[in-house]
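Fold and geometry: a report
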Amino acid sequence: MYRLIALVSVSVIICDYLLFQSHPASKSTETGVDATISSLAKARAARQLLERIQSHSIDARLEALKELAKLSADPTFAAEFINMEGIGTLARLVESGTHFGEMLAFTLTAFLELMDHGIVSWDLISLSFIKQIAGYVNQPMVDVSILQRSLAILESMVLNSHSLYHRVAQEITVGQLIGHLSNQEIQTYAIALINALFLKAPEDRRQEMASTLAQKHLRSIILNHVIRGNRPIKAEMAHQLYVLQVLTFNLLEERMMTKMDPNDQAQRDIIFELRRIAFDGDTDPTGTEKRKAMYTKDYKMLGFTNHLNPAMDFTQTPPGMLALDNMLYLARVHQDTYIRIVLENSSREDKHECPFGRCAIELTRMLCEILQVGELPNEGCNDYHPMFFTHDRAWEEFFCVCIQLLNKTWKEMRATAEDFNKVMQVVREQITRALAMKPSSIDQLKNKLRGLNYSEILRLRQSERMSQDDFQSPPIIELRERIQPEILELIKQQRLNRLCEGSCFRKLGNRRRQEKFWFCRLSLNHKVLHYGDLEESPQGEVPFELLSDKIPVSDIKSVLTGKDCPHMKEKSALKQNKEVLELAFSVLYDPDETLNFVAPNKYEYCIWTDGLCALLGREMGSDLTRSDLDTLISMEMKLRLLDLENITIPEAPPPVPKEPSSYNFTYNYT
């Protein structure tokens, strides 16, 4: 009898706990008995759901799959369900081909959620499962929710397994994926899978795949249906466009790292063609010596460093043969511009000629650095440039615009050969400033660069220098030191106020899935950190009542950043890149627990790391604090010194006057 009562009591406790932890992806900080009850409750829920999804009742199975799709995001529940062979059960349901509509959508959602925890290897997925998922993508009329999840599953397969890449590549064609880009609901998923196939393709197949994408007019389809579509581009789509941009430019890496072979006649013929196009009217003289002397003179006029053998100019990598490719494109496609630049500079005798060959080689190297050719995409970056999707030869056209800019800036600076590096620095600044404005086309880029002439760059530099001016006289330095503690306290209060408002963070995982969020904020008395999961990104402040978990500030031991964070050390299918590392931080608290963050941007990262350091009584050392400190101190000093405008402040205080001969004097007030 007592045993029966005890069993009933345990069941009631578990049921109560399940109700308490009803949030789909709740994270708790229980220890001891609470943690045991939580684990038992989730194990029981997993067992019940596994039985219900195999029920003969369609309605019961649908409700079970719907509940499973929500609970699968919880790591403890997922581990329990997977240990009961739940993944295999879901895979068999998909392979059977008997599920459709909502039931299939919930099945695929649960499968993707469970696999995303990394407990089970993707290599265990059967070929029949892959064929079934690929079939949903290839079918003309499939529900959008099923298509989204199918594309996301295939993308995860490609990114997480080398062997599955080959299987997926056999089942899915690029043409089929491009066909989905006209549907705004699945554009992001389709481009994500194209990027995954592109990224994981063997090096010898990437050029072939790029040619296929060009033949299928991927660029123009993206331009018309995505970039110029009637919907604003969201962060995930911007990221996918950035990834595609990077992968496309990375096709240039092979040529960038290829040295020219001075003995290769085919490569030497390209240089001969550059000479022929520039000096077409000149006839070759008879005699080897005369021809050699004329060629040497022409190569000097073309601006090569090595006049006798210009092939030697292309032996340094980067930019290697890529520079020669760019020069040849300019000479063939924009022949008038090429001839004008070469002849304009070769006719000068005042040592102000701009060496075309040397400039083109150095410019190519600079553009490779600016666009990070050869580097892997950053996970958190959305920095795509619309203009690169407006032309099939966007890289070459970009070079042609920039080489004209360089020639123009050289003339404006009245530069000589000794000023070469200075000119290149100005040109780099012109290009980076223009790219930051996100021109939508090559023509718009030209207009932006036209407004950024050398005089404008000097004006901008002067303006920025004045705004950052730091007076160095001793009285000003002393005033700065007196003001600094007040400003630091002001910054500290602002950081803590921002923590009280709270911020939304994205959970780490597959970017192509429906994004999951969690929110964290500091209590108004600065004593507790409240946090909890959210179904979607919040619009405004989240009440404390909705944040189920909390950490007392007194329990926080330290704040870790970058690669020292536990979640940055974990193995992942996608290699953690520099950008994600720069946004990661963790809170360590008793007893040996961590709360892991990846900030949405650098600003939020600085706000939170500063605020947490302030809570712990430590120095706020972020870049944002240094910038705010400089700005606020500068403003405060200018306000205090307003009455001293145009008055020279002495280096030392004025001398104290001599004492009077006697103190026997009075002042008559009447």
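We now turn to the structure provided with this report. What you see is a predicted model; the values in this text were computed from it and never measured. (Residues numbered from 1 in each chain as written. Predicted model: local features only at pLDDT ≥ 70, side-chain atom pairs only at ≥ 80, totals over all residues. Heavy atoms only, no water.)

By size, the foremost hydrophobic cluster in this structure holds 85 residues, and its most contacted members are L90, M157 and I222. Sort the elements by how many residues they give to this core and helix 6 (residues 101-116) lands first, with 10 residues. Those residues in contact with L90, other than ones at most four positions away along the chain, are I53, L65, L68, F81, T107, A110, F111 and L114. Core analysis: the second largest hydrophobic core is formed by 70 residues, F249, M260, I271 and V401 among them. (Core = buried A, V, L, I, M, F, W, Y, C linked by side-chain atoms within 4.5 Å. Buried < 20%, exposed > 50% of the residue type's maximum accessible area, 1.4 Å probe, protein only. Helix = DSSP H or I, 4+ residues; strand = E, 2+ residues; numbered from the N terminus. Contact = heavy atoms within 4.5 Å.)

Okay, the environment of P310 next. One can find P310 in the loop between helix 17 (288-301) and helix 18 (321-333). By relative accessible area, which is 4% here, P310 ends up buried. Along the backbone, P310 and P262 are 48 residues apart, and their C-alpha atoms lie at a distance of 8.7 Å. With residues up to four places along the chain from it excluded, the contact list for P310 reads I271, Y299 and F304.

Consecutive residues of a regular strand have side chains that alternate between opposite faces of the sheet. Of all 6 residues in strand 2 (residues 517-522), 6 are buried; the element is thus mostly enclosed. Burial along strand 2 is two-sided: the residues F517, F519 and R521 and W518, C520 and L522 are all buried. Across 6 bridges, the pairing between strand 2 and strand 3 (residues 528-534) is antiparallel. Counterpart to L522 in the pairing with strand 3 is L529. What sits between the antiparallel neighbours strand 2 and strand 3 is a turn of 5 residues, in which H526 has the positive phi angle 65°. (Pairing = 2+ DSSP bridges.)

Moving on, we come to the sheet that holds strand 6 (residues 584-589). Across the sheet, which stays open at both edges, the 3 strands sit in the order 5-6-7 with antiparallel pairing between neighbours. If you trace the sheet from one side to the other, it starts and ends with strand 5 (556-561) and strand 7 (593-598), each paired once. On average, each strand axis in the sheet is inclined to that of its neighbour by 20°, with strand direction left out of account. Relative to strand 7, strand 6 is paired through 6 bridges, and the arrangement is antiparallel. Its bridge partner being in strand 7, V587 is matched across the sheet by L595. Across the face of the sheet, helix 28 (residues 602-615) comes into contact with strand 5, strand 6 and strand 7 while running at roughly 25° to strand 6. (Axes fitted to C-alpha atoms, helices over the stretch in contact; angles between N-to-C directions.)

Moving on, we come to empty space enclosed by the protein. Taken as a whole, this structure holds 1 cavity of 30 Å³ or more when the rule is applied. Computed from the structure, the largest cavity encloses a volume of approximately 40 Å³. If you trace the largest cavity, you find it lined by I341, N345, C354, F356, C359, I403, L406 and N407. Only helix 19 (335-346), helix 20 (356-370) and helix 21 (394-413) provide two or more residues apiece to the lining of the largest cavity. Looking at the lining of the largest cavity, the element that brings in the most residues is helix 21, giving 3 residues. (1 Å grid on protein atoms, 1.4 Å probe; cavity = no way out; pocket = protein on both sides within 12 Å on 5 of 7 lines; lining within 4 Å. Points joined across faces, edges and corners; volume = space filled by probe spheres on them.)

Attention now goes to the sheet that holds strand 1 (residues 503-506). Here 4 strands make up an open sheet; going across it, the order is 1-2-3-4 and the pairing antiparallel. One side of each edge strand has no neighbouring strand; the edge strands of this open sheet are strand 1 and strand 4 (549-552). In this sheet, neighbouring strand axes are inclined to one another by 25° on average, regardless of whether the strands run parallel or antiparallel. Inspection of the sheet shows strand 1 paired to strand 2 by 4 bridges, in the antiparallel sense. Opposite S503, over in strand 2, you have C520 as the bridge partner.

Here the idea is simple: oppositely charged side chains can pair when their charged atoms come close. Enumeration according to the criterion identifies 31 salt bridges in this entry. Close ionic contact of R276 with E273 constitutes a salt bridge, the shortest N to O distance being 3.8 Å. With R276 and E273 both in helix 16 (residues 265-278) and 3 residues apart, this pair spans about one turn of that helix. For R276, a relative accessible area of 41% translates into the label partly exposed. When the shortest N-O distance is used, the salt bridge between E456 and R459 registers 2.7 Å. Placement of both E456 and R459 in helix 24 (residues 454-467) is noted, with a separation of 3 residues, approximately one turn of the helix. Overall, the relative accessible area of 22% leaves E456 in the partly exposed class. A relative accessible area of 46% places R459 in the partly exposed class. (Salt bridge = Lys/Arg side-chain N within 4 Å of Asp/Glu carboxyl O.)

This model, assessed by the stated rule, comprises 22 aromatic pairs. Geometrically, the ring pair formed by F597 and W608 is tilted, given 5.8 Å between the ring centres and 35° between the ring planes. One end of the pair, F597, is in strand 7; the other, W608, is in helix 28, and 11 residues separate them in sequence. Each member of the pair, F597 together with W608, is buried. The structure contains a cluster of three or more aromatic residues connected by ring pairs, namely F505, W518, Y531, F585, F597, Y605 and W608. For R521, the ring lying beneath its charged end belongs to F544, and the centroid distance is 3.8 Å. (Phe/Tyr/Trp six-rings, centres within 6.5 Å; stacked < 30°, edge-to-face > 60°. Lys NZ or Arg CZ within 6 Å of the ring centre and 35° of its normal.)

What follows concerns the packing of helix 7 (residues 127-138) against helix 8 (residues 144-160). As a packed pair, helix 7 and helix 8 sit with axes 9 Å apart at the nearest point and diverge in direction by 135°. Taken as axis vectors, helix 7 and helix 8 run oblique relative to one another. Seen along the crossing, helix 7 lies across helix 8 with a hand that is left-handed. For the pair formed by helix 7 and helix 8, the contact residues are F129, I130, I133, A134, Y136 and V137 on the first element and I146, L147, S150, L151, I153, L154 and M157 on the second. Tallied by class, residues from the contact of helix 7 with helix 8 come to 12 nonpolar, 1 polar and no charged. (Parallel < 35°, antiparallel > 145°, perpendicular 65-115°, else oblique. Left-handed = near helix turned anticlockwise from the far one by under 90°. Nonpolar A, V, L, I, M, F, W, Y, C, P; charged D, E, K, R; others polar.)

Taking 1.5 Å per residue, 13 residues should reach 18 Å; helix 18 reaches 18 Å between its end C-alpha atoms and fits that length. Burial analysis of helix 18 places 10 of its 13 residues in the buried class, the great majority of the element. Every buried residue of helix 18 is accounted for by M321, L322, A323, L324, N326, M327, L328, Y329, L330 and A331. Next to the buried residues of helix 18 lie helix 15 (253-256), helix 16, helix 19, helix 20 and helix 21. (Expected span 1.5 Å × (residues − 1).)

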